[in-house]
Amino acid sequence: QVQLVESGGGLVQAGGSLRLSCEASGRTFSSYAMGWFRQAPGKEREFVTGINWVGGSTYYADSVKGRFTISRENAKDTVYLQMNSLKPEDTAVYYCVARRGPIINAQAGYDYWGRGTQVTVSS
């Protein structure tokens, strides 16, 4: 069993920044991909970003390109999501995810999910 624990969510004004963290435990994450999905009230859960653990190649949804940055820290089995220039439409519950194999954008392909952390952006 792999456990993912998110932290760093909160309330921020439009234009501000937040940094989310996701710490993994239970096994090493070599050969895994990790990333983030988000879900706003009344909307479908959507892919935000992901990173391949080995090599570090990254992928971003068009809606966050240029504003969000995903990174990894191998020694701590931790991924980070730096969110800048936040907009009200970024308001959602953000979920950390992991899978065996490369990054994909389909939520059914991810085996491990955190419980989520709330991000609220006010106008």
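One structure accompanies this document, and this report is about it. (Residues numbered from 1 in each chain as written. Predicted model: local features only at pLDDT ≥ 70, side-chain atom pairs only at ≥ 80, totals over all residues. Heavy atoms only, no water.)

Okay, the pairing of strand E11 (residues 117-122) next. Here E11 shows a buried face lined by Thr117, Val119 and Val121 and an unburied face lined by Gln118, Thr120 and Ser122. Strand direction decides the pairing type here: strand E2 (residues 10-13) and E11, joined by four bridges, are parallel. Looking at the pairing, Leu11 lines up with Thr120 of E11. Bridging between strand E9 (residues 92-100) and E11 involves three bridges; their strand directions are antiparallel. What sits directly across from Val93, in E11, is Gln118. (Buried < 20%, exposed > 50% of the residue type's maximum accessible area, 1.4 Å probe, protein only. Helix = DSSP H or I, 4+ residues; strand = E, 2+ residues; numbered from the N terminus. Pairing = 2+ DSSP bridges.)

On to the pattern of salt bridges. Within this structure, the stated rule accounts for four salt bridges. Among the ionic pairs, Glu46 bridges to Arg38, the shortest N-O distance being 2.8 Å. With its nearest N and O atoms 3.0 Å apart, the salt bridge here joins Asp90 to Arg38. Here the residue Asp90 occupies a position in the loop between strand E8 (78-83) and E9, and Arg38 occupies one in strand E4 (residues 32-39), the gap between them amounting to 52 residues. Residues Asp90 and Arg38 agree in their burial class; the two are buried. The network of salt bridges with common partners includes Arg38, Glu46, Arg67 and Asp90. (Salt bridge = Lys/Arg side-chain N within 4 Å of Asp/Glu carboxyl O.)

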